[in-house]
Amino acid sequence: EMVMIGSGTGVAPLIQMGQVIFDDPLEKTKVTFITGQRSEGDMLLQDRIDEWVKQKPHQFSSHVTLSRPANAESWKMCGGTIGRIDAAFLKARMPAPAAGSGARLWCRWFP
């Protein structure tokens, strides 16, 4: 089981890893994508993640939070979360780690 966490352009490396997993019919790794963006227009490659979740819901899941959605009410009605990726957000959405397993990759820009 793998949890990939990214924000902004840090989502791009996650997509590359996710594509390799998605394309391999023998790959059984479960992948949870946790991404954060400012607004809907900043959701880099989210359509690809959504397609993976649609095609292989047993293997892929996705959680997105926006810090400044264009329409907060509409975003919430679609099941979106408003805020930033923080400890509470992660705790509520990450699968519990199994002893001796799991990998977490955090990709973001640090000033």
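Preceding this section is the structure that the text describes.
The model shown is predicted, which means the values in this text are computed figures rather than measured ones.

So, how was this worked out
- Residues numbered from 1 in each chain as written.
- Predicted model: local features only at pLDDT ≥ 70, side-chain atom pairs only at ≥ 80, totals over all residues.
- Heavy atoms only, no water.
- 1 Å grid on protein atoms, 1.4 Å probe; cavity = no way out; pocket = protein on both sides within 12 Å on 5 of 7 lines; lining within 4 Å.
- Points joined across faces, edges and corners; volume = space filled by probe spheres on them.
- Helix = DSSP H or I, 4+ residues; strand = E, 2+ residues; numbered from the N terminus.
- Nonpolar A, V, L, I, M, F, W, Y, C, P; charged D, E, K, R; others polar.
- Core = buried A, V, L, I, M, F, W, Y, C linked by side-chain atoms within 4.5 Å.
- Buried < 20%, exposed > 50% of the residue type's maximum accessible area, 1.4 Å probe, protein only.
- Contact = heavy atoms within 4.5 Å.

1. Topic: the layout of surface pockets
- If you add up the space inside the second largest pocket, you get close to 160 Å³.
- The dominant element in the lining of the second largest pocket, judged by the number of residues it contributes, is strand β3 (residues 60-66), at three residues.
- In terms of residue class, the lining of the second largest pocket is built from four nonpolar, six polar and two charged.

2. Observations concerning unusual backbone geometry
- Positive phi, normally seen in glycine, also occurs at L45, with a value near 60 degrees.
- As for its position among the elements, L45 is in the loop between β2 (31-37) and α2 (46-55).

3. Here's the deal with the nonpolar core
- Of all hydrophobic cores here, the largest spans 12 residues; its members are M2, M4, V11, L14, I15, I21, F22, V31, F33, I49, W52 and F60.
- Breaking this core down by element, the ones donating at least two residues are β1 (2-7), α1 (11-23), β2 and α2.
- It is α1 that provides the largest number of residues to this core, a total of five residues.
- Those residues within four positions of I21 in sequence are excluded, and the remaining contacts are M2, M4, E27, T29, V31, Q59 and F60.
- Among the nonpolar cores identified, the runner-up in size contains seven residues, and V3, I34, I85 and L90 belong to it.

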